[in-house]
Amino acid sequence: MITKKYASYAEIDHDLEILKLEKEIHYQKMLLSIDKTKESILPSEPLEGLYNIYKNVFSGTFGMILKMLIPYAINWFINRKRGD
């Protein structure tokens, strides 16, 4: 890195202002990148609708019964013998 020699405080202030603005630009680019990544990962509206249906079905007494029966059904399906 080359050391820069300044002739006045005004030059130092000018370079510090430039560095401050560059830092802010990079920070805003990082935030934008994070937002784009979140949008690509999070489900879109149709998937949110399915999640709401799932949440409604599995809430309350009916949901508790389903949550208890599903593991038994999966185990039965996995452990059943072929041909029976």
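Peer 1: Talk me through the overall build of the protein chain; I want residue IDs and the actual numbers.
Peer 2: Along the protein chain, the regular secondary structure elements total three helices and zero strands. Listing the helices and strands of the protein chain from first to last along the sequence gives α-α-α. For the protein chain, the computed accessible surface area is about 8,500 Å², with 65% contributed by carbon and sulfur atoms.

Peer 1: Tell me about the confidence of the model for the protein chain, and name the residues and values.
Peer 2: This prediction gives the protein chain a mean pLDDT of 82; 88% of its residues lie at or above 70. Across the protein chain, the secondary-structure element scoring lowest on mean pLDDT is helix α2 (residues 45-57), at 71, and the one scoring highest is helix α1 (residues 9-41), at 91.

Peer 1: Let's hear about a nonpolar patch on the surface: which residues, and what values?
Peer 2: A cluster of nonpolar side chains, contributed by I70, I74, W76, F77 and I78, occupies part of the molecular surface with about 570 Å² of accessible area. Counting through the fold element by element, F77 comes out in helix α3 (residues 60-79).

Peer 1: I'd like a description of the side chain of D15, backed by residues and values.
Peer 2: Mapped onto the elements, D15 comes out in helix α1. With a relative accessible area of 17%, D15 lands in the buried category. With residues up to four places along the chain from it excluded, the contact list for D15 reads K4 and Y6.

Peer 1: Explain the pattern of salt bridges to me, and be specific about the residues and the numbers.
Peer 2: For the structure on display, the rule yields one salt bridge. In this structure, D15 and K4 form a salt bridge, with 3.0 Å as the shortest nitrogen-oxygen distance. Taken together, the positions of D15 in helix α1 and K4 in the segment before α1 put the pair 11 residues apart, joining distant regions of the chain.

Peer 1: Tell me about α3, residues and numbers included.
Peer 2: In this model, α3 (20 residues) spans 30 Å end to end at C-alpha, consistent with the 28 Å of a helix rising 1.5 Å per residue. Taken as a whole, α3 carries its principal kink of about 25° at L69; the proline P71 stands between one and four residues after it. Where burial is concerned, little of α3 is hidden: one out of the 20 residues are buried.

Peer 1: Run through the environment of Q28, naming residues and quoting values.
Peer 2: The residue Q28 is located in helix α1 in this model. Engagement of the side chain of Q28 in a polar contact is seen with the side chain of E24, the distance being 2.9 Å.

About the criteria used
- Residues numbered from 1 in each chain as written.
- Predicted model: local features only at pLDDT ≥ 70, side-chain atom pairs only at ≥ 80, totals over all residues.
- Heavy atoms only, no water.
- Helix = DSSP H or I, 4+ residues; strand = E, 2+ residues; numbered from the N terminus.
- Areas by Shrake-Rupley, 256 points an atom, 1.4 Å probe, with all protein chains shown as cover.
- pLDDT = per-residue confidence, 0-100.
- Patch = residues over 30% accessible without salt bridge, like charges linked within 9 Å, V, L, I, M, F, W, Y side chains within 5 Å.
- Salt bridge = Lys/Arg side-chain N within 4 Å of Asp/Glu carboxyl O.
- Buried < 20%, exposed > 50% of the residue type's maximum accessible area, 1.4 Å probe, protein only.
- Contact = heavy atoms within 4.5 Å.
- Expected span 1.5 Å × (residues − 1).
- Bend = angle between axes of the 7 residues up to and from the residue.
- Polar contact = N/O pair within 3.5 Å; in protein donor to acceptor, adjacent residues only side chain to side chain.

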